[in-house]
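Structural overview
Next come the chains, spelled out residue by residue.
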Amino acid sequence: MTAPLTPPHQPHEPSRDDNVWQAPPAGPGPSSMYAYDTAKDEAESAAELRKDLRDSALILVAVTLLGIALGFLWLWLAPRVPLVSYDEAVFLKDTEGEEAIGADGTFLLLGVALGVLTAVAVFLFRRRGGIALVLALAVGAVLGSLLGWGIGVWFGPSRDVVEQARQVGEGVTFDAYLDLRAKGALLAWPVAAMLVHLGLTALFGPRDPEPEWPTGPTGAPAPRQ
């Protein structure tokens, strides 16, 4: 009978092959992949935000500058209110005329037309829309209406009616200054632009993808928890 080579009380010496499953796996782990995805998402969000702000600023400036066209169109198309002077006093030549109402109506119709035009143009420029884009369209329309009103008044007939009557002479008809008496017409452009853009987005805008529900072993949708 021979004695065992290794005493039973002596612990076994771990070898190199025994610890092969204890080595950390090579390559990126789940935490590093999650950090990478998070950083990528943040970079994409920042780039998208910069693009939104850039497009919104462009739309704001372009829509506001269209107010110049509104002002000159209003000056060209709006009916004039005829005045006449007698004995150092100025009177309406036609007391029952509706030229003043016609000037307000012309501004209103031009605002609605520009609202439809700018809404379609903004939608075609960027179908996806966005809050910043819609705000830029609304603010630009309000500023454009104010700019058009100012241009029409500035380049229209003089607001000094007495001096104008003195220049043309007594009994001679001249035009009153162009003014917007119904200030609510200033909202025609932004309101029309918002309504048309909302309708176009609802009808022809991009749709969000349908959510994918997890399926069970048989291929049927898994019950919701």
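Just so you know, these numbers come straight off a predicted model, no measurement behind them. (Residues numbered from 1 in each chain as written. Predicted model: local features only at pLDDT ≥ 70, side-chain atom pairs only at ≥ 80, totals over all residues. Heavy atoms only, no water.)

**Quick word on the overall build of the protein chain**
Heads up, the condition is: Secondary structure elements follow DSSP: runs of H or I no shorter than four residues count as helices, runs of E no shorter than two count as strands, and numbering proceeds from the N terminus. Here a residue-residue contact requires only that any non-hydrogen atoms of the pair lie within 4.5 Å. Here the Shrake-Rupley method, with its probe set to 1.4 Å, supplies the accessible areas, and only the displayed protein chains count as covering residues.
If you tally the helices and strands in the protein chain, you get five helices and three strands. Helices and strands appear in the protein chain in the N-to-C order α-β-β-α-α-α-β-α. Relative to all contacts within the protein chain whose residues are 6 or more apart in sequence, the contacts with residues 24 or more apart total 78%. Here the protein chain has roughly 15900 Å² of accessible surface; of this, 66% comes from carbon and sulfur atoms.

**Overview of the nonpolar core**
What counts is decided by this rule: Only buried residues count toward a nonpolar core. Its members are Ala, Val, Leu, Ile, Met, Phe, Trp, Tyr and Cys residues joined through side-chain atoms within 4.5 Å. Exposure categories follow from relative accessible area, calculated using a 1.4 Å probe and restricted to protein chains: below 20% of the type maximum is buried, above 50% is exposed, and the middle band is partly exposed.
Counting residues in each nonpolar core, the largest one holds 22 residues, and the members touching the most others are Trp 74, Phe 107 and Trp 189. Taken together, the elements giving at least two residues each to this core come down to helix H1 (30-77), helix H2 (99-125), helix H3 (131-155) and helix H5 (188-204). Non-local contacts of Trp 189, meaning those with residues more than four positions away in its chain, are made with Val 63, Leu 66, Gly 67, Leu 70, Gly 111, Leu 114, Gly 115, Thr 118, Ala 141, Gly 144 and Ser 145. Within the second largest apolar cluster, six residues are counted, among which are Val 161, Ala 165, Phe 174 and Ala 176.

**Description of the side chain of Thr 106**
Our working rule: Think of a polar contact as two N or O atoms within 3.5 Å of one another; within protein, one of them needs to be a possible hydrogen donor and the other a possible acceptor, and neighboring residues in sequence only count if both atoms come from side chains.
By secondary structure assignment, the location of Thr 106 is in helix H2. On the accessibility criterion, Thr 106 (14% relative accessible area) is buried. Here Gly 102 takes part through its backbone oxygen, which lies 2.7 Å from a polar atom of the side chain of Thr 106.

**Some thoughts on a nonpolar patch on the surface**
Here is the rule we go by: Residues with no salt bridge and a relative accessible area higher than 30% make up the patches, which join like charges within 9 Å and nonpolar side chains (Val, Leu, Ile, Met, Phe, Trp, Tyr) within 5 Å. By salt bridge we mean one thing: a side-chain nitrogen of Lys or Arg within 4 Å of a carboxyl oxygen of Asp or Glu.
A cluster of nonpolar side chains, contributed by Val 61, Leu 65, Ile 68, Phe 72, Trp 154 and Phe 155, occupies part of the molecular surface with about 670 Å² of accessible area. Of all elements in the fold, only H1 and H3 reach the threshold of two or more residues within the nonpolar patch.

**A look at the packing of H2 against H5**
Keep this limit in mind: Every angle, taken between N-to-C directions, lies between 0 and 180 degrees, and every axis is a line fitted to C-alpha atoms, over only the stretch in contact when it is a helix. Take the far helix as the reference: if the near one is turned anticlockwise from it by less than a right angle, the crossing is left-handed, and if turned clockwise, right-handed. Classification convention: Asp, Glu, Lys, Arg as charged; Ala, Val, Leu, Ile, Met, Phe, Trp, Tyr, Cys, Pro as nonpolar; all other residues, Gly among them, as polar.
Where H2 contacts H5, the axes come no closer than 7 Å and their chain directions differ by 35 degrees. Along this stretch, H2 crosses H5, giving a crossing that reads as right-handed. Seen from H2, the contacting residues are Leu 108, Gly 111, Val 112, Leu 114, Gly 115, Val 116, Thr 118, Ala 119, Val 120, Val 122 and Phe 123; seen from H5, they are Ala 188, Trp 189, Ala 192, Ala 193, Val 196, His 197, Leu 200, Thr 201 and Phe 204. Counted by class, the contact of H2 with H5 contains 15 nonpolar, five polar and no charged residues.

**A short note on H3**
Inclusion rule: For a helix, the expected span equals 1.5 Å multiplied by the number of residues minus one.
Taking 1.5 Å of rise per residue, the 25 residues of H3 would be expected to cover 36 Å, and the 36 Å separating its terminal C-alpha atoms lies within 8% of that figure. Every buried residue belonging to H3 is among Leu 133, Ala 136, Leu 137, Ala 138, Gly 140, Ala 141, Gly 144, Ser 145, Gly 148, Ile 151, Gly 152 and Val 153, and all of these are buried.

Everything listed is a geometric property; what it means functionally is a separate question.
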